[in-house]
Amino acid sequence: MNIEDIKKSEQFIDGVILFDECIKKFNWFNIGGKTKILFKPNSLKGLIEYLKLYSSRNKIFILGNGSNVLFDDETYQGTIIKLGKSFANITLLDKETIVAGAAISQKKVSDFARDHNISGLEFMSCIPGSVGGGIRMNSGCFNKEFKDVLISIQLVDFKGVVRSIPADKINFNYRSIGLPKDLIFLSATFKGNEKNSLEISNFMRELKQKKELAQPTRIKTSGSTFKNPIKQTDKKVWELIRLSIPSKTGYGDAVISDKHANFFVNKGNAKSADMKLLIKFVREEVMKKTGVKLETEIVLVE
Ligand SMILES: Cc1cc2nc3c(=O)[nH]c(=O)nc-3n(C[C@H](O)[C@H](O)[C@H](O)COP(=O)(O)OP(=O)(O)OC[C@H]3O[C@@H](n4cnc5c(N)ncnc54)[C@H](O)[C@@H]3O)c2cc1C
């Protein structure tokens, strides 16, 4: 990676390029060192220009709202791309169909659907991520996930080629999408069904209450640390952790939430290394005590 070249390209690329930026403030865990480069494109044109110039010589990570990631303590030796306002549009295509930019929050999409009498997207009001992150993770809750409401996604690959993929051509799985990593989602088309907005509103309130009962709020966390091991056992991962680990387990400021054992928390100044030790310990203990192999849901960025 030639930093001097990238510095010079600031003058003609449509976007903001920052160097040695601290990434703590860009993620819910509030953990991490710096990133060599942070690129915030102002337009699709700017994004494509950057990708064409640097993606083959430069490692790239695309960040959404940072609600499902764990960064390293060491500097990220590449570019973190963060989509901003110009990727956060939302439009009604017809009375049941919405097109939303990748950078808009899932909560805003859910609110927009409610305001236009479209039901089916209520679950998204409980997920603190962006549309882009939701697509990548096939996020979901209360028995609904992205795959149930997506019609198509629009994306650009690291070579700068823009494409649209119909959802029925995508091999979605539990908290994953069967598409390569070198893709940046730009927007998504969602389909719901007509319903009175008051009923939708009531349902959203119900979901919010359920979620607040089950999961901690207003803490530094990245949500579920591990995926539920649905192919190995009917037990939820939080039950396996409760069965296997003393509740006060922690490394430094990295601890397990009292309210939900699969939510790991930075209770102050946890390092990424602390969180990784906790993840490793829990995975090993659960394996020893229950024979179940846990896979992380949170994305480790190194
Ligand atoms: C309190 C809390 C509660 C949560 N509850 C739930 C829940 O109920 N259900 C659930 O499924 N998840 C939940 N999560 C996890 C998280 O909110 C979701 O996975 C969310 O969809 C991630 O979106 P994000 O924008 O924050 O993605 P990030 O955390 O920024 O990134 C996650 C992944 O998506 C990729 N990505 C992000 N944007 C793009 C893009 N534009 N193009 C390509 N790839 C992209 C990243 O590279 C990374 O691999 C919760 C998290 C927290 C903190």
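The rules we used
Residues numbered from 1 in each chain as written. Predicted model: local features only at pLDDT ≥ 70, side-chain atom pairs only at ≥ 80, totals over all residues. Heavy atoms only, no water. Domains from an automatic or database assignment. Contact = heavy atoms within 4.5 Å. Buried area = accessible area lost by both parts, 1.4 Å probe. Helix = DSSP H or I, 4+ residues; strand = E, 2+ residues; numbered from the N terminus. Buried < 20%, exposed > 50% of the residue type's maximum accessible area, 1.4 Å probe, protein only. Phe/Tyr/Trp six-rings, centres within 6.5 Å; stacked < 30°, edge-to-face > 60°. Lys NZ or Arg CZ within 6 Å of the ring centre and 35° of its normal. Pairing = 2+ DSSP bridges. Axes fitted to C-alpha atoms, helices over the stretch in contact; angles between N-to-C directions.

Asker: So what about the domain arrangement of the protein? Which residues, and what values?
Answerer: Here the domain parsing of the protein yields domain 1 (3–82), domain 2 (88–213) and domain 3 (216–301). Computed over C-alpha atoms only, the centres of domain 1 and domain 3 are separated by 28 Å. Each side of the interface is counted separately: domain 1 has 14 residues, and domain 3 has 19 residues. Where domain 1 abuts domain 3, roughly 1,500 Å² becomes buried across the two surfaces, and 54% of that area is made up of carbon and sulfur atoms.

Asker: Break down unusual backbone geometry for me, citing the residues and quoting the values.
Answerer: Its identity as a non-glycine residue notwithstanding, Asn117 has a phi of 60°, on the positive side. Mapped onto the elements of the fold, Asn117 is located in the loop between helix 3 (106–115) and strand 8 (118–119). The class of Asn117 is partly exposed, set by a relative accessible area of 34%. The phi dihedral of Asn143 falls on the positive side, at around 65°, and the residue is not glycine. Inspection of the secondary structure assignment puts Asn143 in the loop between strand 9 (140–141) and strand 10 (144–145). In this structure Asn143 comes out as exposed when scored by relative accessible area, which is 82%.

Asker: Give a description of the environment of Leu198 that names residues and reports values.
Answerer: Positionally, Leu198 belongs in helix 6 (residues 197–214). In the structure, Leu198 is positioned 81 residues away from Asn117 in sequence and 8.5 Å away in space, judged by C-alpha atoms.

Asker: Which residues make up the packing of aromatic side chains, and what are the values?
Answerer: According to the stated counting rule, one finds 7 aromatic pairs in the structure shown. Consider the rings of Phe123 and Phe146, whose centres lie 6.4 Å apart with planes at 85°: the pair is edge-to-face. Remark: Phe146 occurs in helix 5 (residues 146–149) and Phe123 occurs in the loop between strand 8 and helix 4 (131–137); sequence separation between them is 23 residues. As far as burial versus exposure is concerned, Phe123 and Phe146 are alike and both buried. Over the ring of Phe19 we find Lys7, and its NZ or CZ is 5.2 Å from the ring centre.

Asker: Could you give an account of the sheet that holds strand 3 (residues 60–63), with specific residues and numbers?
Answerer: Adjacent strands of a sheet form backbone hydrogen bonds with each other and so pair up, either parallel or antiparallel. Taken in spatial order, the 4 strands make up an open sheet running 1-2-5-3, and their pairing is mixed. Strand pairing shows two members of the sheet lacking a second neighbour, strand 1 (15–22) and strand 3, which therefore form its edges. Mean inter-strand twist for the sheet, computed between neighbouring axes without regard to direction, equals 25°. Along the sheet, helix 2 (residues 44–54) contacts strand 1, strand 2 (34–41), strand 3 and strand 5 (76–82); its crossing angle with strand 2, the most-contacted strand, is approximately 140°.

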